[in-house]
Amino acid sequence: MESNVFSTTASGGPLLLAIGAAMIAGLVSILSPCVLPLVPGYLSYVTGLAGADLEAAIGTSAGTVTKTRTVALKSRVLAGSLLFVLGFSVVFSLMVTLVANVATTLLTNRDTLNLVVGLLIIVLGVVYLGWIPGLQREARISKLPSAGLLGAPVFGAAFAVSWLPCTGPTLGAVTSLAATTGGTDRAVILALAFSLGLGIPFVLFGLFFRKLLGVFKAIRRNSRWVTRVGGVLLIVVGVTLVSGQWLHFLTWLQTTLNFGEVTLL
């Protein structure tokens, strides 16, 4: 019985746990110091709004704006935000799926795969803590599409590629998790979960910026702590993979919480 549980867990693991971890990784990315402060600028770019229109759309304008105009502006913010999220979701899904499949093809032995992936996650955690000089640089794409709704998904795709120094550590952890579980469908699910963790806060910031302004400022003041906690968590996951405890942890969850087949990754 126990060997069957280990076999099942080795080929998968609780899907809800993996999705939750991927979404948290995405959330940590958007709350990082190199992404969060630029959210208002991103909103302006993907919506094509600026000045008074952008202030009215995000609810910070002190002037008088008609209700109809406000609804129209907020609709534009919602559309631009969703198209931006769609753009980077597609790219992230392709990246995670490609890398995960290559890793599982090259490293057919699961113990070797866990060791390599674990070491990689530890390195990514150290990078996220800022302990490796030179790897915190931003590599932006200078030539961008025209601002506005039409360019929003293209800008989202450009964001996915050019901001890898910021999103790379957490995205790498998601990719590693997908590699250790195997399967294209699982990789896509985790990539989409990561994208939701990164994208949902972006959409909410756009629609409810004024109401969330206090939260926004508090997160900005403490954003370095967010990345530090994220870095430590990555290192912990990496250590458990290298030491072989990750499998025991998943097995404990499987037998104790009885996730069932629906929640197996």
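Cut-offs and rules
- Residues numbered from 1 in each chain as written.
- Predicted model: local features only at pLDDT ≥ 70, side-chain atom pairs only at ≥ 80, totals over all residues.
- Heavy atoms only, no water.
- 1 Å grid on protein atoms, 1.4 Å probe; cavity = no way out; pocket = protein on both sides within 12 Å on 5 of 7 lines; lining within 4 Å.
- Points joined across faces, edges and corners; volume = space filled by probe spheres on them.
- Helix = DSSP H or I, 4+ residues; strand = E, 2+ residues; numbered from the N terminus.
- Patch = residues over 30% accessible without salt bridge, like charges linked within 9 Å, V, L, I, M, F, W, Y side chains within 5 Å.
- Areas by Shrake-Rupley, 256 points an atom, 1.4 Å probe, with all protein chains shown as cover.
- Salt bridge = Lys/Arg side-chain N within 4 Å of Asp/Glu carboxyl O.
- Buried < 20%, exposed > 50% of the residue type's maximum accessible area, 1.4 Å probe, protein only.
- Polar contact = N/O pair within 3.5 Å; in protein donor to acceptor, adjacent residues only side chain to side chain.
- Contact = heavy atoms within 4.5 Å.
- Axes fitted to C-alpha atoms, helices over the stretch in contact; angles between N-to-C directions.
- Parallel < 35°, antiparallel > 145°, perpendicular 65-115°, else oblique.
- Expected span 1.5 Å × (residues − 1).

Visitor: Tell me about empty space enclosed by the protein, and please be specific about residues and values.
Guide: On inspection of all chains with the given rule, the structure shows one cavity of 30 Å³ or more. What the largest cavity holds in volume is close to 40 Å³. Taken together, Ile30, Val35, Val39, Tyr42, Phe84, Phe88, Phe159, Leu198 and Phe202 make up the lining of the largest cavity. Those elements giving two or more residues to the lining of the largest cavity turn out to be helix H3 (39–47), helix H5 (67–106) and helix H9 (184–207).

Visitor: Quick rundown of a nonpolar patch on the surface? Include the residues and the values.
Guide: Nonpolar side chains collect at one region of the surface, where Met23, Leu196, Ile200, Leu204 and Phe208 lie side by side and expose about 400 Å² of accessible area between them. Of the residues examined, Leu204 reaches a relative accessible area of 37% and is grouped as partly exposed.

Visitor: For the side chain of Ser81, give the residues involved together with the corresponding values.
Guide: Assignment of secondary structure puts Ser81 in helix H5. Residue classification places Ser81 among the buried residues on the basis of a relative accessible area of 0%. Within the local environment of Ser81, its side chain forms a polar contact with the backbone oxygen of Val77, the two atoms lying 2.7 Å apart. Among all residues touching Ser81, those that are not within four sequence positions of it are Leu43, Val46, Phe202 and Val203.

Visitor: Got a sec to walk through the packing of H3 against H5? Specific residues and values, please.
Guide: One can describe the packing of H3 onto H5 by two numbers: an axis separation of 8 Å at closest approach and a directional angle of 100°. If you check the angle between H3 and H5, you find them roughly perpendicular. Residues Leu43, Val46 and Thr47 of H3 lie in contact with H5, whose contacting residues are Arg76, Val77, Gly80, Ser81 and Phe84.

Visitor: Give me the lowdown on helix H2 (residues 15–30), citing residues and values where you can.
Guide: If you check H2, its first and last C-alpha atoms are 23 Å apart, about what 16 residues at 1.5 Å a residue would give, namely 22 Å. Among all positions in H2, only Leu15, Ala18, Ala22, Ala25, Gly26, Val28, Ser29 and Ile30 are buried.

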